[in-house]
Amino acid sequence: MSDGFLTLYVSAVRGTWITDWVTGTGARLTAPGTDGLVAVLDLEGDRHLVDRDQLSGLLADNADRTFQTWLSGSDDMIVTVRRHRYGDDGSRGFVGVTCYLDGLDPDDVDAVSRAAQEVIETSTADALGLVVDRRGTTADVDWDSFVASPGVVPAVPDLLILASPQAASAATHEGRWRPDTPVVGFSTWESTAAG
């Protein structure tokens, strides 16, 4: 089985939104023992230490980025920020912020999940959706493509929320959308499959 994850989808990222949101989950950006530096991971998984201003610049440059946060001295949470472009001319897009939950204690997973749901509930103009899969059973699903063009819900994570326009176009095989849940303008997927 894969590791648990959470992906929060937003239409745009302005300023320090990503770092503010991540620290709002209870995570610390600075790596232990680095005098306030942040660990950024490259495509090979190598760790590079940068200051917060450099991290902000890296997150603003429209490239996909991965960095490491800490919820305690030893429990880390990897965060990946991906830009997804779609449409015939690539003019439409969104940002997916994925937090990898493996190794976190259940209280920390709850805190990160709550913080993501709060974005849905309070930033409805920018929020597009949320996938929470604590066990990673849906890790092989291309959730980015699903959010861009919802079809049949491909698998059932622990929590799936979409902005109502996207949810309305998604098929309801073995489940249904609960409209205006958790807030007006969003729908939450509810499986009706036996099991």
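Definitions and cut-offs
- Residues numbered from 1 in each chain as written.
- Predicted model: local features only at pLDDT ≥ 70, side-chain atom pairs only at ≥ 80, totals over all residues.
- Heavy atoms only, no water.
- Pairing = 2+ DSSP bridges.
- Helix = DSSP H or I, 4+ residues; strand = E, 2+ residues; numbered from the N terminus.
- Axes fitted to C-alpha atoms, helices over the stretch in contact; angles between N-to-C directions.
- Buried < 20%, exposed > 50% of the residue type's maximum accessible area, 1.4 Å probe, protein only.
- Core = buried A, V, L, I, M, F, W, Y, C linked by side-chain atoms within 4.5 Å.
- Parallel < 35°, antiparallel > 145°, perpendicular 65-115°, else oblique.
- Contact = heavy atoms within 4.5 Å.
- Nonpolar A, V, L, I, M, F, W, Y, C, P; charged D, E, K, R; others polar.
- Phe/Tyr/Trp six-rings, centres within 6.5 Å; stacked < 30°, edge-to-face > 60°.

K.L.:
Any details on the sheet that holds strand β10 (residues 186–191)? Residues and values, ideally.
P.N.:
The antiparallel open sheet is built from 10 strands, whose spatial order is β3-β2-β4-β5-β6-β1-β7-β8-β10-β9. Sheet topology places β3 (47–50) and β9 (175–179) at the edges, where each strand pairs with a single neighbour. The average angle at which neighbouring strand axes cross in this sheet is 25°, direction not considered.

K.L.:
I'd like a rundown of the pairing of strand β5 (residues 76–86), residues and numbers included.
P.N.:
Counting buried residues along β5, 8 of its 11 residues qualify, which places the element largely inside the surrounding structure. Pairing between β5 and strand β6 (residues 92–100): 8 bridges, direction antiparallel. Within β6, the residue paired with T80 across the bridge is T98. Linking two consecutive strands that pair antiparallel, namely β5 and β6, is a turn of 5 residues; a positive phi of about 95° is found at G87 within it.

K.L.:
Hey, could you go over the nonpolar core for me, with residue numbers and the actual values?
P.N.:
Ranked by internal contacts, the top residues of the largest apolar core, which has 37 residues, are L6, W21, F67, M77 and L130. With 17 residues, the next largest nonpolar core counts F5, Y9, L160 and W177 among its residues.

K.L.:
An account of the packing of helix α1 (residues 17–24) against helix α3 (residues 106–122) is needed here, citing residue identities and associated values.
P.N.:
In contact at an axis separation of 9 Å, α1 and α3 are set at 135° when each is read in the N-to-C sense. Taken together, α1 and α3 sit at an angle that is classed as oblique. Counted together, W17, W21 and G24 of α1 and V112, A115, A116 and V119 of α3 form the full contact between these two elements. Split by residue class, the contact of α1 with α3 holds 6 nonpolar, 1 polar and no charged.

K.L.:
Tell me what's going on with the packing of aromatic side chains, and back it up with residues and numbers.
P.N.:
Counting across every chain of the model gives 4 aromatic pairs. Taking the centre distance of 5.6 Å and the plane angle of 90° together, the rings of W143 and F146 count as edge-to-face. On the criterion of helical spacing, the pair formed by W143 and F146 is a turn pair, its members being 3 residues apart in helix α4 (residues 143–148). Residue W143 shares its accessibility class with F146, and that shared class is buried. Aromatic pair W177 and W189: ring centres 5.2 Å apart, planes at 70°, arrangement edge-to-face.

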